[in-house]
Amino acid sequence: LVGLVNLVFTVLAILSIDRLGRRPLLIVGITGITACMLLLAYGFASEETNPVLILVGILGFVASFAISLGPVMWVLFSELFPNQVRGLAISFAGLINSAVSFTVQLVFPWELENLGSSVTFLIYGVFALLGLAIVVRLLPETKGKSLEQLETELVHRGNEFLAAINAEGKK
């Protein structure tokens, strides 16, 4: 069932990424991930564990990830990095992604044993909420823009960001 949900929602992401855009898919998906992590935290905190609630939380997480972070991030990486560093930057992003995945898989059993299921999923829900805030605040939409347009816009945004930081530092 998990594999089927993953397949269906990955195909939906592939079919809709150019029509709906990267940012909306990420916002919807990370919102779903946050809700499912919090649902799992609630489900495990209850006096009597409800297996249907837990299954819905797990399948909802898989669906939300498969329609957003799973495929969309790789498309964004190829669009957001400048041509001169794209290959190296995507490789580095892949390394970081693998390292974080490894760390989560390494730490997850320890968290379950020492913190409990509810607190563990609550922590992941909070991280998902932080990720959602970052995407909503900082991520531009890249749909329908050429790589050159994106590079110009991102350099401009970066310069504005640095100018704002410098202005704050001088206060």
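A brief structural summary. (Residues numbered from 1 in each chain as written. Predicted model: local features only at pLDDT ≥ 70, side-chain atom pairs only at ≥ 80, totals over all residues. Heavy atoms only, no water.)

Overview of the overall build of the protein chain
For clarity, the threshold we go by: Where helices and strands are cited, they refer to DSSP runs of H or I of at least four residues and of E of at least two residues respectively, numbered from the N terminus. Buried residues are those whose accessible area, probed at 1.4 Å on protein chains only, stays under 20% of the maximum for their type, while exposed residues exceed 50% and partly exposed ones sit between those limits. Contacts are residue-level and defined by heavy atoms, with any inter-residue pair within 4.5 Å sufficient. Here the open area of atoms and residues is found with the Shrake-Rupley method and a 1.4 Å probe, where only the protein chains shown may cover a residue. Two residue types count as positive, namely Lys and Arg, and two as negative, namely Asp and Glu; His and chain ends fall outside the count. By convention, charge coordinates are those of NZ in Lys, CZ in Arg, CG in Asp, or CD in Glu.
Summing up its helical and strand segments, the protein chain has seven helices and zero strands in all. For the protein chain, the N- to C-terminal ordering of α and β elements is α-α-α-α-α-α-α. Counting only C-alpha atoms, the protein chain reaches 55 × 45 × 25 Å along its principal axes. Looking at the protein chain as a whole, 29% of its 171 residues are labelled buried. For the protein chain, contacts bridging at least 24 residues in sequence account for 71% of all contacts bridging at least 6. Split by element, the accessible area of the protein chain, about 10,800 Å² in all, is 71% carbon and sulfur. One finds the centroid of the 10 positive side-chain charges in the protein chain at a distance of 12 Å from the centroid of its 12 negative side-chain charges.

Some remarks on the packing of helix H4 (residues 69-80) against helix H5 (residues 86-115)
Which entries qualify depends on this criterion: Helix axes use the C-alpha atoms of the stretch in contact, all axes being lines fitted to C-alpha atoms, and the angles between their N-to-C directions lie in the range 0 to 180 degrees. Each angle gets one of four labels, with under 35 degrees taken as roughly parallel, over 145 as roughly antiparallel, 65 to 115 as roughly perpendicular, and the rest as oblique. Two helices cross in a left-handed way if the nearer one is turned anticlockwise from the farther one by less than a right angle. They cross in a right-handed way if the turn is clockwise. Gly falls in the polar group here, along with every residue not listed as nonpolar (Ala, Val, Leu, Ile, Met, Phe, Trp, Tyr, Cys, Pro) or charged (Asp, Glu, Lys, Arg).
In the contact formed by H4 and H5, the axes pass within 9 Å of each other and the chain directions differ by 150 degrees. If you check the angle between H4 and H5, you find them roughly antiparallel. Handedness of the crossing formed by H4 with H5: right-handed. Note on element contacts: H5 touches H4 through Arg 86, Ile 90, Ala 93, Gly 94 and Asn 97, opposite Trp 74, Phe 77, Ser 78 and Glu 79. For the contact of H4 with H5, the residue count by class is four nonpolar, three polar and two charged.

Some details on the side chain of Glu 111
To keep things clear, this is the line we draw: Here a salt bridge means any side-chain nitrogen of Lys or Arg lying within 4 Å of a carboxyl oxygen belonging to Asp or Glu. Each polar contact in these results corresponds to two N or O atoms within 3.5 Å; when the atoms are within protein, one needs to be able to donate a hydrogen and the other to accept it, and residues that are neighboring in sequence are counted only if both atoms are side-chain atoms.
Turning to its location among the elements, Glu 111 is positioned in helix H5. Arg 137 provides the closest opposite charge to the buried, unpaired Glu 111, separated from it by 26 Å. A distance of 2.5 Å separates the side chain of Glu 111 from the side chain of Tyr 124, its partner in a polar contact. When sequence neighbours within four positions are dropped, the list of residues in contact with Glu 111 reads Gly 116, Thr 120, Ile 123 and Tyr 124.

So, to be careful, I would describe these as geometric facts and stop short of saying anything about function.
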